[in-house]
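# Structural features, examined
What follows is each chain in one-letter form.
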Amino acid sequence: MSSENSSADDEQRVWDVVVVGAGPAGASAAYAAAVAGRSVLLLEKAELPRYKTCGGGIIGPSRDALPPGFELPLQDRVHAVTFSLDGKFTRTRRSKQMLFGLINRPEFDQQLVEHAQKAGAELRTGVTVSRVEQHGSAVPDRRTVAVVLQGGEAVLARAVVGADGSASRIGAHVGVKLDQVDLGLEAEIPVPETVAEDWRGRVLIDWGPMPGSYGWVFPKGDTLTVGVISARGEGAATKRYLEDFIARLGLAGFEPSISSGHLTRCRADDSPLSRGRVLVCGDAAGLLEPWTREGISFALRSGRLAGEWAVRIAEAHDAVDTRRQALNYAFAIKAGLGVEMAVGKSMLAAFERRPGMLHAAITGFRPAWRAFAGITRGSTTLGEMVRSHPMAGRALSALDRRSALAAPTVAESTPTTE
């Protein structure tokens, strides 16, 4: 079922689907295509498992998009969220039901890949894709795409899925256009048991000092994942925010085991999702929630759709049918994830102007907290909330309008259970 690093006799083989990138999007695409009975090759430049800068929060939509029988390698189950506004006006909201789970990306990604392999996908690690060719000497016919590896080897496929991250070579081939780029900085901080116990089952979200910025603390056993994110171009201020955030939490005396950074990239509304027989998904397509920059659920969901439509493209016998299937994929993405992204952009615009107003709403207005809890649990999404509840849409519009006015005073408060 798996051939991880050997390609001796495959140079002239034409795969039904080749997936580039073995993160959540790529593994989901490979699984979806393989479970449909197609020949699938999954390419990854790193050796697995590998570290990724990521908070590791698994919300309801992520859980719902996992393959059948997938057992989440949870490090903690979150039942409480502490919110603060640049370190002030702290309030904790609690839930009897689990809000979301926390995972380490190396184990999570590895398990997703293993599920794709069990479905029939083959994996090659340690290979770097140089480019994709849909015309030229490397391409034997119009139904074939050549994925050219570093060193010159050409892997042939009837359809290609690009899931190679936010600096995607496949995304560049497709012509992905970006509308928002943010810088995330993160530290994995081992802590004593006494400190870990204080955080167990609870996360912290701090609305930060720069427009659109926020920080987080996610507990994972004996390690705290502490990070911040803000708009690119504010590198020095973002680094200072992380340092101040860690010091304020009383964690400056603990040495991080890993310190890392990552750019998140959000697509423009008119950005393409395909070119010929090549589709993009996840970070490679710029698919993530613009306000929170949550990307795992977008990767899993778009990856599954990309894998399903890649199968249809692999079966297409001409350019017209190929184009029809690619447009269907784009429609499926925009009808679901696109709606959530549009709402997220509105949320980000309001949050950038008046974070205090949002903080007051989510900590002091019960329907706002219930909406947050519903989204994290997976009983709704931002898009479904606006579609199904006209009042929520009107409230979001009002929030966007009122964000230009003075924010209400936010007061200290005691923990609340919902």
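Now for a quick tour of the structure. Just so we're clear, the structure is a prediction, and the values are computed from it rather than from any experiment.

This brings us to the side chain of R91. Note that R91 resides in strand β6 (residues 88–94). A residue is classified by how much of its surface remains accessible, and R91, at 17% relative accessible area, is buried. A distance of 2.3 Å separates a polar side-chain atom of R91 from the backbone oxygen of T363.

Sheet architecture is open: three strands sit in the order β3-β7-β4, paired in antiparallel fashion. In the strand order of this sheet, the two ends are held by β3 (57–58) and β4 (74–78), each with one partner. Note that β4 and strand β7 (residues 100–103) share four bridges and pair antiparallel. Directly across from V78, in β7, lies its bridge partner F100.

Turning our eyes to something else, we now look at unusual backbone geometry. What is expected of a backbone is that most residues other than glycine have negative phi and most peptide bonds are trans. With omega at -5 degrees, the peptide bond leading from L48 into P49 counts as cis. As for its placement among the helices and strands, P49 is situated in the loop between β2 (40–44) and β3. The backbone of D86 sits at a positive phi, close to 50 degrees, despite the residue not being glycine. Position of D86 relative to the elements: it lies in the loop between β5 (80–85) and β6.

This next bit is on the packing of helix α1 (residues 24–35) against helix α7 (residues 296–315). Closest axis-to-axis distance for the α1/α7 pair is 7 Å, and the angle between their directions is 35 degrees. In this structure, α1 crosses over α7, and the sense of that crossing is right-handed. In contact with P24, A25, S28, A29, A32 and A33 of α1, α7 contributes A299, L300, G303, R304, G307, E308 and V311. Counted by class, the contact of α1 with α7 contains eight nonpolar, three polar and two charged residues.

With that out of the way, let us pick up the packing of α1 against helix α3 (residues 105–119). Between α1 and α3, the shortest axis-to-axis distance is 8 Å and the interhelical angle comes to 15 degrees. Comparing the axis directions of α1 and α3 gives the class roughly parallel. Between α1 and α3 lies a crossing of left-handed hand. Mapping the contact onto sequence places P24, A27, A30, Y31, A34 and V35 in α1 and R105, F108, D109, L112, V113, H115, A116 and A119 in α3. Within the contact of α1 with α3, the residues separate by chemical class into eleven nonpolar, one polar and two charged.

Here is what the cut-offs are and how they apply
- Counting restarts for each chain, with residues numbered from 1 along the sequence as it is written.
- For this predicted model, a pLDDT threshold of at least 70 governs which residues receive local features, and a threshold of 80 or more governs which side-chain atom pairs are given and counted, while totals over whole chains, interfaces and linings are taken from all residues.
- Only hydrogens and water are set aside when side-chain values are computed; all heavy atoms of the structure are taken into account.
- Comment: elements are numbered from the N terminus, with helices defined as DSSP H or I runs of at least four residues and strands as E runs of at least two.
- Type-normalised accessible area, obtained with a 1.4 Å probe on protein chains alone, sets the label of each residue: buried when under 20%, exposed when over 50%, and partly exposed for intermediate values.
- Nitrogen and oxygen atoms within 3.5 Å of one another constitute a polar contact, given that in protein one can donate a hydrogen and the other can accept it, and given that sequence-neighbouring residues count only through two side-chain atoms.
- In this description, strands pair whenever DSSP reports at least two bridges between them.
- To get an axis, a line is fitted to the C-alpha atoms, and for a helix only the part in contact is used. The angle between two axes follows their N-to-C directions and goes from 0 to 180 degrees.
- Two helices crossing with the near one rotated counterclockwise from the far one by less than a right angle form a left-handed crossing, whereas a clockwise rotation gives a right-handed crossing.
- Contacts are residue-level and defined by heavy atoms, with any inter-residue pair within 4.5 Å sufficient.
- Classification used: nonpolar for Ala, Val, Leu, Ile, Met, Phe, Trp, Tyr, Cys and Pro, charged for Asp, Glu, Lys and Arg, polar for all others including Gly.
- Note that the term roughly parallel is reserved for angles under 35 degrees, roughly antiparallel for angles over 145, roughly perpendicular for angles of 65 to 115, and oblique for everything else.

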